[in-house]
Amino acid sequence: MKEFIEDLSRHDTAPFLFLGSGFSRRYLGTPSWDGLLETSASWMGKNFKEYISKVSTYNQEHPMYLPHLATLLAKDFSEVWWQKPEFELQREQHSSIVSDYRSALKIAISEYLGKFELVSSPDIQEELKAISDLRDRNSIDGIITTNWDCLSENIFDYKKYIGQQELLFSNVLNVGEILKIHGCITSPNSLILDEKDYESFNKRNPYLAAKLTTIFIEHPIVFIGYSIRDTNIREILDSIIYGIGSQNVNKFGRNIYFVEHDWENKGYIYSQIPIDLQNGNLDINYIRTNDFVSLYKALGQIERKFSARLVRQMKEHLYELLLTDDPKEQIYVATGLESEEDLEKIQFVYGAGIIEKVSQTGYSTYPNDVLLKDIVGIGDNNFDYASIVTKTLLIPGKNHIPVHKFIKMSKLKESEIPYRVLDRKASKHTDVISQRKSLRDMRNKINEVNDNYESLEQLINSDLSKDKILENAVYIHPSKINTEVLRNLIVINITDNGILSTHIRRLIKYYDWLKYGLNKD
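The rules behind these values
Residues numbered from 1 in each chain as written. Predicted model: local features only at pLDDT ≥ 70, side-chain atom pairs only at ≥ 80, totals over all residues. Heavy atoms only, no water. Core = buried A, V, L, I, M, F, W, Y, C linked by side-chain atoms within 4.5 Å. Buried < 20%, exposed > 50% of the residue type's maximum accessible area, 1.4 Å probe, protein only. Helix = DSSP H or I, 4+ residues; strand = E, 2+ residues; numbered from the N terminus. Contact = heavy atoms within 4.5 Å. Pairing = 2+ DSSP bridges. Axes fitted to C-alpha atoms, helices over the stretch in contact; angles between N-to-C directions. 1 Å grid on protein atoms, 1.4 Å probe; cavity = no way out; pocket = protein on both sides within 12 Å on 5 of 7 lines; lining within 4 Å. Points joined across faces, edges and corners; volume = space filled by probe spheres on them. Nonpolar A, V, L, I, M, F, W, Y, C, P; charged D, E, K, R; others polar. Salt bridge = Lys/Arg side-chain N within 4 Å of Asp/Glu carboxyl O. Left-handed = near helix turned anticlockwise from the far one by under 90°. Arc of directions from axis to C-beta.

**Q** Kindly report on the nonpolar core, identifying the contributing residues and their values.
**A** Counting residues in each nonpolar core, the largest one holds 67 residues, and the members touching the most others are Phe18, Phe216 and Phe223. For this core, the element with the highest residue contribution is helix α5 (residues 65–83), accounting for eight residues. Other than its neighbours up to four places away in sequence, Phe216 contacts Phe18, Ile144, Ile221, Phe223, Leu237, Ile240, Phe252, Asn255 and Ile256. In terms of nonpolar packing, the next biggest core, distinct from the first, is built from 44 residues, Phe406, Ile433, Ile476 and Leu486 among them.

**Q** Tell me about the sheet that holds strand β8 (residues 280–289), residues and numbers included.
**A** Taken together, the eight strands give an open sheet; going across it, the order is β3-β4-β2-β1-β5-β6-β8-β7, and neighbouring strands pair in mixed fashion. Bordering the open sheet on either side are β3 (159–162) and β7 (269–277), each of which pairs with just one other strand. Averaged over all neighbouring strand pairs, the angle between strand axes comes to 25°, with direction disregarded. Where β7 lies against β8, nine bridges are found, and the strand directions are antiparallel. If you follow Tyr270 over to β8, its bridge partner there is Ile287. Across the sheet, helix α14 (residues 292–299) lies against β1 (16–19), β5 (221–224), β6 (256–261) and β8, angled at about 165° from β5, the strand it touches most.

**Q** How would you summarise the layout of surface pockets if you had to cite specific residues and measurements?
**A** Empty space within the second largest pocket amounts to approximately 1,700 Å³. Looking at the lining of the second largest pocket, the elements with two or more residues in it are α2 (21–28), α3 (33–43), α4 (48–53), α5, α11 (195–218), α12 (231–244) and β6. The leading source of residues in the lining of the second largest pocket is α2, at seven residues. By residue class, the composition of the lining of the second largest pocket is 22 nonpolar, 18 polar and 10 charged.

**Q** Residues and numbers for the pattern of salt bridges, please.
**A** Tallied over the entire structure, the rule returns 22 salt bridges. Here Lys129 ties to Asp133 by a salt bridge, and the two come within 2.9 Å at their closest N and O atoms. Of this pair, Lys129 and Asp133 are both found in helix α8 (residues 122–136), four residues apart, which corresponds to roughly one turn of the helix. Where Glu264 meets Lys266, a salt bridge forms, and the shortest distance between an N and an O atom there is 3.0 Å.

**Q** Mind laying out the packing of helix α23 (residues 466–473) against helix α25 (residues 502–517), listing which residues take part and the relevant values?
**A** Packing of α23 against α25 brings their axes to within 9 Å, and their N-to-C directions diverge by 35°. The hand of the α23/α25 crossing is left-handed. Contact residues: α23 offers Asp467, Leu470, Glu471 and Ala473, while α25 offers His503, Ile504, Leu507 and Tyr510. Its residues placed into classes, the contact of α23 with α25 shows five nonpolar, one polar and two charged.

**Q** Go over helix α1 (residues 2–9) with me, naming the residues and quoting the values.
**A** For α1, the set of buried residues is Phe4, Asp7 and Leu8. Taken around the axis of α1, the buried residues stretch over an arc of 100°, which confines them to a single face. Opposite the packed face of α1, turned more than 90 degrees from it, sit the exposed residues Lys2 and Ser9. On its buried face, α1 is in contact with β6, β7, β8 and α14.

**Q** Kindly report on empty space enclosed by the protein, identifying the contributing residues and their values.
**A** In this structure the tally under the stated criterion is one cavity of 30 Å³ or more. Empty space within the largest cavity amounts to approximately 40 Å³. Ser227, Ile228, Asp230, Ile233, Arg234, Leu237, Phe258 and Ile275 together form the lining of the largest cavity. Of the residues forming the lining of the largest cavity, the biggest block, three residues, is contributed by α12. Here the lining of the largest cavity is built from residues that sort into five nonpolar, one polar and two charged.

Right under this line is the structure:
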């Protein structure tokens, strides 16, 4: 891997990973595409070979062969899905999003793929640990993937864009992002599945390529989980080559690293190979290996001070600053790096017309933990709550702070409260639970916890560990919670050094809504 590491070190930026279906099959055990279609046929009680026998338009090597099979399956499955009792729950939860014959199969596939969990074998767990280290060492700038599952976002927790349309019409900043160009199971209709989907996708491919070109030129791109013959990848590369011109092809090729699994144990290879594309030949870096731990550790040699999420936050704030019509109001004090626990560690200021603001508040504001503790009555604070609502809560890095108590204590009229603060008010129970979870997962967890516990007190007195009690308390239904009991749970579990864990922060947000927001407006 030494030569690979040396080549990566010549780049000024961290890599993007371009992840294919082989990545998910390796770490989640999900089926191949044809395997998934065969499973879909079994849901109808049919033999997949029956559908294969109906294909006359394409041979098995044609890129539209499997999409054509998916079309045949989707049309039959649509009728079955509306009738069979085993799909009743899916119909209750998702019938409102059915838009055409494809939706039913996409919904069923999304439900099916959402149930896969990480492979538990020691070898795979070691690889997953090495991948997590890439995140912790800030070695990866972003992810591009054609995979539908949520493995990428569960590992890297970057901002996610689903499908071509969301990507094309969003302000993508090319760092700290996951671009799911073939859709995501959290939005079933976004899946690129059958002929019609691929026809639409291919029509937009030049626009997608234009959006990806900056990433491909500015970053090393490491392809993992694809075959070198993958048609989708070749078409994207071909479109980018067409856009950048032949004079830039050699430079572009040096940014591409294509990793293939050494299934036949022929040994590690690192070399440059040509790919013959419609718009020209592209020489790329090629790696063949079965030692993925060493591969990920090699990628981990790239370590930088700021995380991709923080860099993206800085770029986003600067972008907003440059667009604003009133730069005097735009001071960005970007603190914390990754999580709410770190929000006070690093501080920087940039903006236009900042002197007036700095004179009022200096280069910092109330630390997040001080604000959170105030919500549950810890600290002898003489706050100007109106100032907190109109100034402090607008500063980037404060967007995780609950707002209900501060709004109530400010005594401001609604018309005097910035809309960005009003928008953060919780209106329902799921609003105060981690937004990293899908709505379906949140509801399932709420049902599970409330089936087991009749009250918050019963959960507290259970045999669960302290961490599990704190984790599950936010899922207890509001009708089962005494706010004073919740407050005491929070206060006694704040550590001696005053650090607030993620679970405690979440419970403070819940308490803020129950005490000052729920039916209080």
